[in-house]
Amino acid sequence: MQNNIESGTAGTAQPQGKDLNDWLPITASRKAKWYYSAFHNVTAMVGAGVLGLPFAISQLGWIPGVIALVASWVITFYSLWQLVELHEVVPGVRFDRYPELGAYCFGPKLGYWCVMPQQMLVQIATDIVYMVTGGKSLLKFVELLDPHFHSRLTYFILIFVAVHLVLSQAPNFNSLKSVSLLAAVMSIAYTMLAVVASIKRGVHHRPEKYTVRSHTEVGKFFDVLNGVGTVAFAFAGHSVVLEIQATIPSTPEVPSKKPMWKGCVVAYLIVAFCYITVAVSGYWAFGAEVEDDVLISLKHPAWLIAFGNFMVFLHVVGSYQVFAMPVFDLMESYLVQEMHFTPGRPLRLVARSSYVLLTGLIGICIPFFGGLLGFFGGLVFSSTSYFISIIVGVAIAILAPIGGARQIVVSSKTYKMFS
């Protein structure tokens, strides 16, 4: 076994071989430390989904909601450990990307085409949701500072797009470490702000009784499906675990799984604390009236909640890039291998800018945060976070998108395009 363990080639085989891997954003730099893994995973995990957890509890109810949250944490923590171990399951070879591992497990064609579309759907779905979240949070920030200010959400999503047209040109994963660290700090900060503000509100205005949102049996059924999908969305970070581990150096003496797992444990302890506290305090304070983004429900003190929304904006700026990197890696690999473009800055400028603009356009057209969480959470996130527990994963993948789709339909009745 060599000192520098080689990257797997499934799904990325090309004439240039190792040379292209030295240019692609996932494998270009392998100098990450264990704590890079910690804050990359916190950034990927404690994202917009955490703010939707009180809403999910309001759809599921106290006991089922908490059970779903705890069970998801246990299942996905176990599947995370398996992925870290599988990164170097073949001595001397690193499976740096999800499709490479899929190709090894199920065959070059079947494995690659089973895994790659699902992972890309996860990455793209997350970035679409973050477009909506970033725009809404920035708009809410301005509105809370100036109650007389009124503007279209579309304009603020476009501001978010403009930010990412610049950031998307970062050459590789490790070059985002400062952005990702800031995002991780912001995610913990706004989580704690939401918890404290919810507790303060609940002390004075707690609901007399706690019920689920819907008052009809049909409505309750669909709400349960959407709630499960929202919880699934909150545990979405697995789709980028192998790519994060790919940035860590690995030798036979110190394989990458050791520092990677150390970072993952720290990240998942933070995840547990953030998720439970936000979900419980948010539903405790507002009951069935909680908004699909708990910070939207919180209005006082206005300056503090405004600051919280700005922290959300900063967090999803970093999260968007963490989830976009595997997409950039796939696009650039395809354009060089199959379309024979020359690797370089012009290629990245056009390809990455096109991706940012596409996710921004979809976010502008479908800006329904709660429905998107449930729909995408069930449809694609279960495949990367839950399928190791196969029965749970398949059930979520089939049922949860139904609830999310209904939530989008309900929300769209009062929405005017580009408003």
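- If you check an unreviewed UniProt entry, the protein appears there as Lysine histidine transporter 1 from Melia azedarach.

Details of the overall build of the protein
No. 1: Looking only at helices and strands, one finds 17 helices and two strands in the protein.
No. 2: Expressed as a percentage of its 419 residues, the buried residues of the protein come to 56%.
No. 3: Pairs at least 24 apart in sequence give 84% of the contacts found in the protein among residues at least 6 apart.
No. 4: For the protein, the exposed surface amounts to about 17,300 Å²; the carbon and sulfur share of it is 70%.

Thoughts on the packing of helix α7 (residues 110-145) against helix α15 (residues 345-365)
No. 1: Between α7 and α15, the shortest axis-to-axis distance is 8 Å and the interhelical angle comes to 60°. Classed by the angle they form, the pair α7 and α15 counts as oblique. You can see that α7 and α15 cross each other, and the crossing is right-handed. On α15, the residues touching Gln123, Ile124, Asp127, Ile128, Met131 and Val132 of α7 are Tyr355, Val356, Thr359, Gly360, Ile362 and Gly363.
No. 2: Partitioning the contact of α7 with α15 into residue classes produces seven nonpolar, four polar and one charged.

Considering the pattern of salt bridges
No. 1: Tallying each qualifying case throughout the model produces seven salt bridges.
No. 2: Linking Arg97 and Glu100 is a salt bridge whose minimum nitrogen-to-oxygen distance equals 2.8 Å.
No. 3: Judged by its relative accessible area of 0%, Glu100 is buried.
No. 4: Its salt-bridge partner being Glu332, residue Arg348 comes within 3.2 Å of it at the nearest N-O pair. Taken together, the positions of Arg348 in helix α15 and Glu332 in helix α14 (residues 302-337) put the pair 16 residues apart, joining distant regions of the chain. Both residues of the pair, Arg348 and Glu332, belong to the buried class.

Quick word on the nonpolar core
In summary, soluble globular proteins display a tendency toward joint burial of nonpolar side chains.
No. 1: Within the largest apolar cluster, 87 residues are counted, with the highest numbers of intra-cluster contacts made by Val50, Leu53, Phe235, Tyr275 and Tyr320.
No. 2: Here this core gets 14 residues from one element, more than from any other, and that element is α14.
No. 3: Leave out the neighbours within four places in its chain, and Leu53 touches Leu69, Val231, Ala234, Tyr275 and Ala279.
No. 4: Counting seven residues, the second largest nonpolar core, distinct from the first, contains Leu20, Trp23, Leu335 and Ala351.

Considering the side chain of Asn172
No. 1: With respect to the helices and strands, Asn172 occurs in the loop between α8 (153-167) and α9 (177-205).
No. 2: Separated by 3.1 Å, the side chain of Asn172 and the backbone nitrogen of Asn174 make a polar contact.
No. 3: When residues no more than four places from it in sequence are discounted, the contact partners of Asn172 are Pro25, Ala28, Ser29 and Met325.

Let's talk about the side chain of Glu88
No. 1: If you trace the backbone, Glu88 turns up in the loop between α5 (62-86) and β2 (93-94).
No. 2: Buried charged residue Glu88 carries no salt bridge. Nearest counter-charge: Arg94, at 4.5 Å.
No. 3: A polar atom in the side chain of Glu88 sits 2.5 Å from the side chain of Ser256.

Regarding the environment of Leu69
No. 1: The residue Leu69 is located in helix α5 in this model.
No. 2: Distance from Leu69 to Ala234, taken between C-alpha atoms, is 9.3 Å for residues 165 residues apart in sequence.
No. 3: The residues contacting Leu69, other than those within four sequence positions of it, are Leu53, Val231, Phe235, Tyr275, Ile276 and Ala279.

Thresholds, definitions, all that
Residues numbered from 1 in each chain as written. Predicted model: local features only at pLDDT ≥ 70, side-chain atom pairs only at ≥ 80, totals over all residues. Heavy atoms only, no water. Helix = DSSP H or I, 4+ residues; strand = E, 2+ residues; numbered from the N terminus. Buried < 20%, exposed > 50% of the residue type's maximum accessible area, 1.4 Å probe, protein only. Contact = heavy atoms within 4.5 Å. Areas by Shrake-Rupley, 256 points an atom, 1.4 Å probe, with all protein chains shown as cover. Axes fitted to C-alpha atoms, helices over the stretch in contact; angles between N-to-C directions. Parallel < 35°, antiparallel > 145°, perpendicular 65-115°, else oblique. Left-handed = near helix turned anticlockwise from the far one by under 90°. Nonpolar A, V, L, I, M, F, W, Y, C, P; charged D, E, K, R; others polar. Salt bridge = Lys/Arg side-chain N within 4 Å of Asp/Glu carboxyl O. Core = buried A, V, L, I, M, F, W, Y, C linked by side-chain atoms within 4.5 Å. Polar contact = N/O pair within 3.5 Å; in protein donor to acceptor, adjacent residues only side chain to side chain. Lys, Arg positive; Asp, Glu negative; His and termini not counted.

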